[in-house]
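Structural description and commentary
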Amino acid sequence: SLLPYGLIDILLREQGLENGVSANLALLSVQQQAYTELALGFSRNRGDRFGYGAKLKLLSGTSYMNLSTSKALLNIANDKVDARLAMNLQSTGLVSADERLRFKTSTKPGDYLFPSGLGGALDLGVFYKPVSFVKLALAVTDLGLLHWSKIRSTDYSLDYTMDASD
């Protein structure tokens, strides 16, 4: 996830959300992926001091969501709140959102039986023991990709004004 400076500024602000707050939350991005992996691994020790291993993984995607904002402005001044938002939601799999951004779970049997994404990955690792009480290890995990199919893309916008003085 990418956190825009405006969000961090609001979170660290001691006085809270009150008159005089203006924040640009554009470029906020949140991504979720759920998948199952089926793996086949191999490892070997060469004596007591050195070893290596590898794991080959088949990935089966269950659900994917990516929410990104192109415009997200918040302004609070003179007891008036103005919010402007433009965002895009991409999703596939068991969870999706409708045109009013209400999340729903799929009722189609095929979504539960067949994966929404397929991919593969590789894990590699080595270790070395220079002395009996020190072990140095190096690992590279999840080196691979997961390709999602049937991605739905929906754009949302919000233009909101509230006058708190009324």
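None of the values given here were measured: they were computed from a predicted structure.

Calculation criteria
- Residues numbered from 1 in each chain as written.
- Predicted model: local features only at pLDDT ≥ 70, side-chain atom pairs only at ≥ 80, totals over all residues.
- Heavy atoms only, no water.
- Salt bridge = Lys/Arg side-chain N within 4 Å of Asp/Glu carboxyl O.
- Helix = DSSP H or I, 4+ residues; strand = E, 2+ residues; numbered from the N terminus.
- Buried < 20%, exposed > 50% of the residue type's maximum accessible area, 1.4 Å probe, protein only.
- Patch = residues over 30% accessible without salt bridge, like charges linked within 9 Å, V, L, I, M, F, W, Y side chains within 5 Å.
- Areas by Shrake-Rupley, 256 points an atom, 1.4 Å probe, with all protein chains shown as cover.
- Lys, Arg positive; Asp, Glu negative; His and termini not counted.
- Charge placed at Lys NZ, Arg CZ, Asp CG, Glu CD.
- Pairing = 2+ DSSP bridges.

Okay, the pattern of salt bridges next. Following the criterion strictly, the structure yields 6 salt bridges and no others. A salt bridge links D159 to R84; its shortest N-O distance comes to 2.5 Å. Of the two residues, D159 is situated in strand 9 (residues 152-163) and R84 in strand 4 (residues 80-93); the sequence distance between them amounts to 75 residues. A relative accessible area of 26% places R84 in the partly exposed class.

Here we come to a positive patch on the surface. A cluster of basic residues, K104, K108, K150 and R152, forms a positive patch at the surface. Here K150 is to be found in the loop between strand 8 (134-148) and strand 9. Looking at K150, the relative accessible area reads 70%, which means it is exposed.

Let us look at the pairing of strand 7 (residues 117-131). In this structure, strand 3 (residues 50-77) lies alongside strand 7, joined through 12 bridges in antiparallel fashion. Within the sheet, the bridge partner assigned to S60 lies in strand 7 and is L118. As paired elements, strand 7 and strand 8 share 12 bridges and run antiparallel to each other. Each residue of the ladder has a partner; that of Y128, found in strand 8, is L136. The loop that links strand 7 with its antiparallel partner strand 8 comprises 2 residues.

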